[in-house]
Amino acid sequence: MKSSYKERIARRLTWVTAFIFFLVFLLIYFVANVTVLQNIDRELQLEIEEHQGEFLIDEQAVHFMHQGEWEEMEHAQIHLNPIFIEVVDLEGNSLDRSPNLGENQLEFSSSKSKNQEAWLTLVGELEVRQRQVPLFSNGKQEGYLLLAKSFADSRELLDNLSSVLLLIYPLILVTLYLSMRYLAGKSIEPLEIISQKTNQITQQNLNERIPDTGSEDEIGQLTRSINNLLGRLEQALQREKQFTSDASHELRTPLAVLRGTLEVLIRKPRSAEEYETKVKTALVSIDRMSAMIDQLLALARVENGGNLVKEEVELITFLEELIETVSMEKGRKINFLSLVSLPIYVRTNEKSLEMILLNLLENACKYTAMSGEVLLRVGKGTTAFIEVVDTGTGIASEHLEQIFDPFYRVQEALDLGIPGTGLGLAIVKKIAQESSLKLTVNSEKGKGSTFRLEFEETSLGKIKKELSQF
Ligand code: ATP
Ligand code: MG
């Protein structure tokens, strides 16, 4: 079974802390051990300094300078922290020893006298710390003084310390694990709340949001990010709903006209002229629906378009050909102006560019009286650009934002009875986005409009190359 996130956090933190505690405890024990040994060694040194000069050895006999002191209680019996003293000859044979040693002898080692170090050993059952120093008589080494001090107290202290450390180590770890689990649980509680709330949000209650605590921490940021995402989703869904209802509304109008016309026709027999007029009205409705369906399909295709293949297009030739076709179709003159005399190469999807320009030119022709001018201008600023300029009705600034919304048509266009579905510029905007083209509009009511398309910077490389060839 997979453990929960809080358990994993708790476990990892516990492992790390366990390791740190282990090192700290080891250090504590090591420092205590060293300190205890240093203390006892210092005491041994003092004892050695005190007793070293008290002996005289000659001809296998040991003389004590202060016999009385030697037999003092301190050395007579084993009391708390007793000192054991023994004098041995050069071979380690005992010459004399303190009474508290009884039958026991201190350990002799010929090698230990050289390095002056103390070591731990046993006197009978008792653990002692011992040192061994040479004894001189008239400048000549005659034997060794062995000095030992009980290590029982220190051992007890060290044993107690290690028991305490060993006992509290698992206790600390268990307490640590439980508290870390609790704290980790507490820390991820807001995440659980976010997850629960997010799970409850469906298409039906997309307006609901995750409660924002207003904090600036990561949880607060996550909450706001999710809420922003929900906001964007809600808007997208809203647009989608709006689009569907607009589309059905727009389709229903010509359908209703069609139905009405046909109903009128079958009510009673009509004259041939009447039939002709009504059928013509019906055909207009059918054309309107069919145009709208074409536009809707075009929009759907752009939305599902995905990656458009970009190819190298020479703008001047491409635009000249396009103008020729549009002029013929619309039956009006479209002027062309190239601000650059050299060929302009851009990387773009030709079909998309064509669709954008067809829509813009169609609008320019539609919303400009025959006496007005429609101009297509191409040039190169920082990047290549195309402008569709007309001297038509123009668009008031308050409508400029909305004209790119699906089905939006300026009231004036409706009033003038200019046919259209309001989908053209929505398609243009979508394709421009897909093709990374910057689309801007400049328009003044009554004076005309300029729709400008700018290509990406990358298109300039080729232009520069071309220029350098000349
Ligand atoms: P269609 O879907 O057939 O293109 P449409 O031309 O009405 O219909 P859009 O091309 O999306 O729709 O244009 C939206 C609105 O913007 C138009 O109805 C018109 O009011 C306004 N408009 C667009 N281009 C121009 C222009 N060149 N001059 C004046 N008004 C324009
Ligand atoms: Mg249009």
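Rules used in this analysis
Residues numbered from 1 in each chain as written. Chains lettered and ligands numbered in written order. Predicted model: local features only at pLDDT ≥ 70, side-chain atom pairs only at ≥ 80, totals over all residues. Heavy atoms only, no water. Buried < 20%, exposed > 50% of the residue type's maximum accessible area, 1.4 Å probe, protein only. Helix = DSSP H or I, 4+ residues; strand = E, 2+ residues; numbered from the N terminus. Pairing = 2+ DSSP bridges. Axes fitted to C-alpha atoms, helices over the stretch in contact; angles between N-to-C directions. Parallel < 35°, antiparallel > 145°, perpendicular 65-115°, else oblique. Left-handed = near helix turned anticlockwise from the far one by under 90°. Nonpolar A, V, L, I, M, F, W, Y, C, P; charged D, E, K, R; others polar. Phe/Tyr/Trp six-rings, centres within 6.5 Å; stacked < 30°, edge-to-face > 60°. Lys NZ or Arg CZ within 6 Å of the ring centre and 35° of its normal.

1. Describing the pairing of strand 12 (residues 384-390)
Of all seven residues in strand 12, seven are buried, a share of seventy percent or more. Along strand 12, one buried face is formed by Ala384, Ile386, Val388 and Asp390 and the opposite face, lined by Phe385, Glu387 and Val389, is buried too. Across seven bridges, strand 11 (residues 374-380) lies against strand 12 in antiparallel orientation. Following the sheet pairing, Leu376 is matched in strand 12 by Val388. Between the antiparallel neighbours strand 11 and strand 12 lie three residues. The sheet contact formed by strand 12 and strand 14 (residues 448-454) spans six bridges and is antiparallel. Looking across to strand 14, one finds that Val389 is bridged to Thr450.

2. Digging into the packing of helix 6 (residues 218-267) against helix 7 (residues 272-303)
In the contact formed by helix 6 and helix 7, the axes pass within 9 Å of each other and the chain directions differ by 165°. Comparing the axis directions of helix 6 and helix 7 gives the class roughly antiparallel. The interaxial crossing formed by helix 6 with helix 7 has left-handed handedness. Partitioned by chemical class, the residues of the contact of helix 6 with helix 7 number 18 nonpolar, four polar and three charged.

3. Quick notes on the packing of aromatic side chains
If you walk through the whole model with that rule in mind, you get five aromatic pairs. Each ring, one from Phe108 and one from Tyr144, has its centre 5.2 Å from the other, and the planes form 50°; the classification is tilted. Taken as a pair, Phe108 in the loop between strand 4 (94-97) and helix 4 (112-115) and Tyr144 in strand 7 (residues 140-150) lie far apart in primary sequence, 36 residues in all. On the accessibility criterion, Tyr144 (9% relative accessible area) is buried. An aromatic cluster is present here, built from Phe21, Phe22, Phe25 and Tyr169 joined pairwise through their rings. Directly above the ring of Phe385 sits Arg452, whose terminal nitrogen or CZ lies 4.0 Å from the centroid.

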